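Observations on the model geometry
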Amino acid sequence: MRGKSSGTEIPPLNTTEPIRRTALNRVFAVVYTCAIFALLYHHVETLTIRGRNPLVLVVSFCLLLSDVILALMWATTQAFRMRPIHRREFPGNLQKVVRPREFPALDVLICTADPYKEPPLSVVNTALSVMAYDYPTEKLSVYVSDDGGSALTLFAFMEAAKFAAHWLPFCRKFNLMERNPHAYFSSSSSTSTHACCSEIKMMYERMKVKVEHVVESGKVGDENITGDREREAFSKWTDDFTRHEHPTVIQVLLETSKDRDITGHFMPNLVYISREKSKTSPHRFKAGALNVLLRVSAIMTNAPMVLTLDCDMSSNDPQTPLRVLCYISDPATRPNLSFVQFPQRFRGLSKNDIYASEFKRLFLINFLGMDGLKGPNYVGTGAFFCRRSLFGSPSTLISPEIPQLHPNHVVDKDKPIHESPAMLSLAHHVAGCNYENQTKWGSKMGIRYGSLVEDYYTGYLLHCEGWRSIFCNPDRPAFYGDAPTTLVDLLNQHKRWAIGLLEVAFSRYCPITFGIRTMGLTGLAYAHYSFWPIWSIPIMLYAFLPQLALASGISIFPKISEPGFLLYLFLFLGAYGQDCLDFLLEGGTFRKWWNDQRIWLIRGLSCHLFGTLEYLLKFLGISAFGFNVTSKVVDDEQSKIYSQEMLDFGVPSPMFVTLAVAAIVNFFSFSFGFLQMICGSDDNEGLPLQMLLAGFIMLNCWPVYEAMVLRTDKGKMPTKVTIVAAFLAWTLYAAASFLVL
């Protein structure tokens, strides 16, 4: 941004730079498209040949179907490669353009649901990290939604409110960059840089012991409560839950106009909310919790800027809000700006990221591509929203049902919250389980309902309405979270995503039709995500059919001497090569890329397949699915297995069965083909492609073979899963042999 003001040049707040490989991406897309059409022509030609074995024709048709799906997914991927860009912000220039007292207020919304899967101490650390932002405290409010309605979580936040009076001034005094207490005290800087931190570290340890003791015991006893304020709050909490099964509970734990830290500075608002729930009313999971937070925060502070955070996604940079203001305060980027999205980063990943939890393609490479279009999608955390964008399109404001929820409503701050019964009463009212009935919440306002992936769906509809988003990826990660460290947790999480994405794919707002018509290339990018689970179809077919044909002595791919052989080779190496190059150019390593593509194959053989089947059953009305919180608790044995970079198969799961069957089938098919090559079969020329495919899948399945045969730790493949998989593999071979005969 540049301009003139009183004869002085305004310094830039941000810059944009196209990525250099864009032109090469476009040229390669043209060449690869021609190769895809040639392959499809080859399939059609094969199907029209008379006199072919009917079984070969069935296999050829299945491969045609697989390649059509692969071509579709590849085409949607090109949306990310047409105009990728890098951005850079200059927060040091911000105060030359905007005075701190003119900064917009910020409401931070944090959701938690289960004190045993999402430890309260972890949620507390997240809240403390954002309460310590380098931002005017009178403009900062933190709202915590406890969907579990747990006294354990409330107790943890009461202790956190007391600790914050010491922690916030400590962060200011030493200008800490790491303001998550647990992360800071676990780092070397806490012992080598600030000798006086021992006292506050002891305070944190005392708080930690108290909270963990309460969680372990499962209740908050009278001996745990110190102080009249806490006693009064718990007395009210107990009364509420005595009268109702799951009532609305709102506790203002800290208030800017009343509470000060030990140095006399005012502290940010900290509000605990447990919304009302009823068995007769849908509560809409995380989306419903966020909408309650939006309404309650509107009643109390109504900040124009809203940050949504997962309970484990703590701040890693206290200047993050200033980076956001570099876009919100810039006239060039402000129009139609809905949200600024930061990438998800995770602490404690194994050296080579064995579960591909870094999500480099999802949260970095694809986001760079979408940023050159209408912006990245919303990923549920690390996103700073302009509150106005959640109330209709840029040109049409949808007014909420009461004026206090209007995004432009100015809250009367002359009277403190705790002294305003009318404000607290209204906050309880808008958090009620029946409040949204006959309103536009979830359909036209707030976080949108209609999919288990409410973040993706909300971002998609906001872009369809005409809003833009911006991808902010500073050198120092803005947030750090906890990634799944067990395979079953990872697959369950992705299965839930698969179901939610298919809900969008087959809705009235299907990205292939509605999205592309509304947004062009951005709609194509959203289509890539919504149809993500159908990767399972070509992966399953290519993992079994060519191998069973190989074991039956049937050649289904072109011979080495035929042009089709080179065509298949180019398509395979071209796709994988480009993917690897993108990964390496954005700071990845070959080992991490290899693990990333292996997890992609594993997802296709497990969670994407099961998610697709579960969606079909739900679509047919045969079953319904619920929402399972991903556990953030890991035992010592699981941590050891993860640190050794071994896949954890220790929990029996149906999703491991298909994976094990694929491993067994490919092993024996490759062995059979190898013996045929050694024995000098007459038709060896038709086997190499099938051999290469089986060998590639075997290489990816090496951890599965280890888990079934070599390992003795708790992460080995359950014996029952191995036996079932072996029986199913034998059944497939028997069926294939019978069909050939």
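Going by the structure above, here's the rest.
Residues numbered from 1 in each chain as written. Predicted model: local features only at pLDDT ≥ 70, side-chain atom pairs only at ≥ 80, totals over all residues. Heavy atoms only, no water.

Within the chain one finds 25 helices and 15 strands. Compactness check: the chain gives a C-alpha radius of gyration of 28 Å against a globular reference of 27 Å for 741 residues, within 12% of the reference. In terms of overall dimensions, the chain has C-alpha extents of about 90 × 65 × 55 Å along its principal axes. A burial count over the chain gives 59% of its 741 residues as buried. When the accessible surface of the chain is summed, it comes to about 31300 Å², and 60% of that surface belongs to carbon and sulfur atoms. (Helix = DSSP H or I, 4+ residues; strand = E, 2+ residues; numbered from the N terminus. Rg over C-alpha atoms; globule rule 2.2 N^0.38 Å. Buried < 20%, exposed > 50% of the residue type's maximum accessible area, 1.4 Å probe, protein only. Areas by Shrake-Rupley, 256 points an atom, 1.4 Å probe, with all protein chains shown as cover.)

What follows concerns the packing of helix α18 (residues 563-585) against helix α19 (residues 590-605). One way to put it is that α18 packs onto α19 with a least axis distance of 10 Å and a crossing angle of 130 degrees. Put simply, α18 runs oblique to α19. The handedness of the crossing between α18 and α19 comes out as right-handed. In this structure, α18 uses Tyr-576, Asp-579, Cys-580, Phe-583 and Leu-584 to contact α19, whose residues at the interface are Phe-590, Lys-592, Trp-593, Asp-596, Gln-597 and Trp-600. (Axes fitted to C-alpha atoms, helices over the stretch in contact; angles between N-to-C directions. Parallel < 35°, antiparallel > 145°, perpendicular 65-115°, else oblique. Left-handed = near helix turned anticlockwise from the far one by under 90°. Contact = heavy atoms within 4.5 Å.)

Moving on, we get to the nonpolar core. One recurring pattern in soluble globular proteins is that nonpolar side chains are buried together. One finds Ile-110 and Trp-167 to be the most contacted residues of the largest nonpolar core, which totals 187 residues. It is helix α4 (residues 151-174) that contributes the most residues to this core, 16 residues altogether. Those residues in contact with Trp-167 that sit more than four places away from it in its chain are Leu-128, Ala-132, Leu-176, Glu-178, Arg-179, Asn-180, Pro-181, Tyr-184, Phe-185 and Ile-200. If you look at the next biggest cluster of nonpolar residues, it comprises 40 residues, including Ala-383, Phe-391, Ala-427 and Ile-447. (Core = buried A, V, L, I, M, F, W, Y, C linked by side-chain atoms within 4.5 Å.)

In contact at an axis separation of 9 Å, helix α3 (residues 120-131) and α4 are set at 35 degrees when each is read in the N-to-C sense. α3 and α4 meet at a crossing whose hand is right-handed. Contact residues: α3 offers Pro-120, Val-123, Val-124, Ala-127, Leu-128 and Met-131, while α4 offers Leu-152, Thr-153, Ala-156, Phe-157, Ala-160, Phe-163, Ala-164, Trp-167 and Leu-168.

The next point concerns unusual backbone geometry. One non-glycine residue, Asn-302, lies in positive phi territory at about 50 degrees. Here Gln-438, not a glycine, exhibits a phi torsion of approximately 65 degrees, which is positive. The class of Gln-438 is exposed, set by a relative accessible area of 83%.

Taken in spatial order, the three strands make up an open sheet running β10-β15-β12, and their pairing is mixed. The outermost strands of the open sheet, each flanked by one partner alone, are β10 (314-315) and β12 (346-347). (Pairing = 2+ DSSP bridges.)

Further remarks concern the environment of Ala-383. Looking at the element boundaries, Ala-383 is found in strand β13 (residues 383-386). In this structure, Ala-383 is in contact with Val-306, Leu-307, Thr-308, Phe-339, Val-340, Gln-341 and Tyr-378, ignoring residues within four places of it in sequence.

Moving on, we come to the environment of Val-292. Position of Val-292 relative to the elements: it lies in helix α9 (residues 285-300). Exposure remark for Val-292: the relative accessible area of 4% places this residue in the buried category. Between the alpha carbons of Val-292 and Tyr-435 there is a distance of 9.6 Å; along the sequence they are 143 residues apart. Beyond its immediate sequence surroundings of up to four residues, Val-292 is in contact with Ile-273, Arg-275 and Ala-431.

Attention now moves to α3. Spanning 12 residues, α3 covers 16 Å between terminal C-alpha atoms, matching the ideal 16 Å at 1.5 Å per step. A large share of α3 lies buried, amounting to 11 of its 12 residues. The set of residues buried in α3 consists of Pro-120, Leu-121, Val-123, Val-124, Asn-125, Thr-126, Ala-127, Leu-128, Ser-129, Val-130 and Met-131. (Expected span 1.5 Å × (residues − 1).)

What the rule picks out here adds up to zero disulfides. Of the cysteine sulfurs around Cys-386, a residue in no disulfide, the closest is that of Cys-472, at 14 Å. (Disulfide = S-S within 2.5 Å.)

Let us look at the pattern of salt bridges. Considering all chains together, one arrives at 24 salt bridges under this definition. The residue Asp-582 makes a salt bridge to Arg-21 at a minimum N-O spacing of 3.3 Å. Within this pair, whereas Asp-582 is found in helix α18, its partner Arg-21 is found in the loop between β3 (14-18) and α1 (22-47), the two being separated by 561 residues in sequence. Given a relative accessible area of 3%, Asp-582 falls into the buried group. When the shortest N-O distance is used, the salt bridge between Lys-286 and Asp-310 registers 2.6 Å. You can see Lys-286 sitting in helix α9 and its partner Asp-310 sitting in strand β9 (residues 305-310), a full 24 residues away along the chain. (Salt bridge = Lys/Arg side-chain N within 4 Å of Asp/Glu carboxyl O.)

In a regular helix each residue adds 1.5 Å, so 16 residues correspond to 22 Å; α9 covers 23 Å between its end C-alpha atoms and thus fits that length. Within α9, 15 of the 16 residues are buried, which leaves it mostly tucked inside the rest of the structure. Phi turns positive one or two residues past the end of α9, at Asn-302, with a value near 50 degrees.

Right, let's talk about the sheet that holds strand β5 (residues 106-112) for a bit. An order of β7-β8-β6-β5-β9-β13-β11-β14 is seen for the eight strands of this open sheet, with the pairing classed as mixed. At either end of the open sheet lies a strand with only one pairing partner, and these are β7 (249-254) and β14 (468-471). Strand-to-strand, the axes of this sheet are offset by a mean angle of 20 degrees, without reference to chain direction. On top of the sheet, α4 reaches β5, β6 (140-146), β7 and β8 (269-274); it is set at about 15 degrees to β7, its chief contact.

Further remarks concern the packing of aromatic side chains. Within this structure, the stated rule accounts for 50 aromatic pairs. Centroid distance Phe-667 to Phe-668: 5.3 Å. Interplanar angle 85 degrees. Geometry classified as edge-to-face. Take Phe-667: its relative accessible area is 34%, and that puts it in the partly exposed class. Residue Phe-668 is classed as partly exposed on the basis of its relative accessible area of 47%. Three or more aromatic residues joined by ring pairs form one cluster here, namely Phe-163, Trp-167, Phe-170, Phe-174, Tyr-184, Phe-185 and Tyr-204. In this arrangement the basic side chain of Arg-260 is found over the ring face of Phe-266, its NZ or CZ atom lying 3.9 Å from the centre. (Phe/Tyr/Trp six-rings, centres within 6.5 Å; stacked < 30°, edge-to-face > 60°. Lys NZ or Arg CZ within 6 Å of the ring centre and 35° of its normal.)

Glancing now at the pairing of β7. For a regular strand, side chains alternate in direction, first toward one face of the sheet and then toward the other. Of all six residues in β7, six are buried, a share of seventy percent or more. When β7 meets β8, the two strands line up antiparallel, connected through five bridges. Its bridge partner lying in β8, Ile-250 is registered against Ile-273.

Looking now at a nonpolar patch on the surface. Together, Leu-617, Phe-619, Leu-620 and Ile-622 make up a nonpolar patch on the protein surface, roughly 450 Å² of accessible area in all. Tracing the sequence through the fold places Phe-619 in helix α20 (residues 607-619). (Patch = residues over 30% accessible without salt bridge, like charges linked within 9 Å, V, L, I, M, F, W, Y side chains within 5 Å.)

Okay, the side chain of Asp-146 next. Following the sequence through the fold, Asp-146 ends up in strand β6. There is no salt bridge for the buried Asp-146, and the closest opposite charge comes from Lys-277, which lies 8.0 Å off by N-O distance. When near neighbours in sequence (up to four residues on either side) are disregarded, Asp-146 contacts Thr-112, Thr-153, Tyr-272, Ile-273 and Ser-274. (Lys, Arg positive; Asp, Glu negative; His and termini not counted.)

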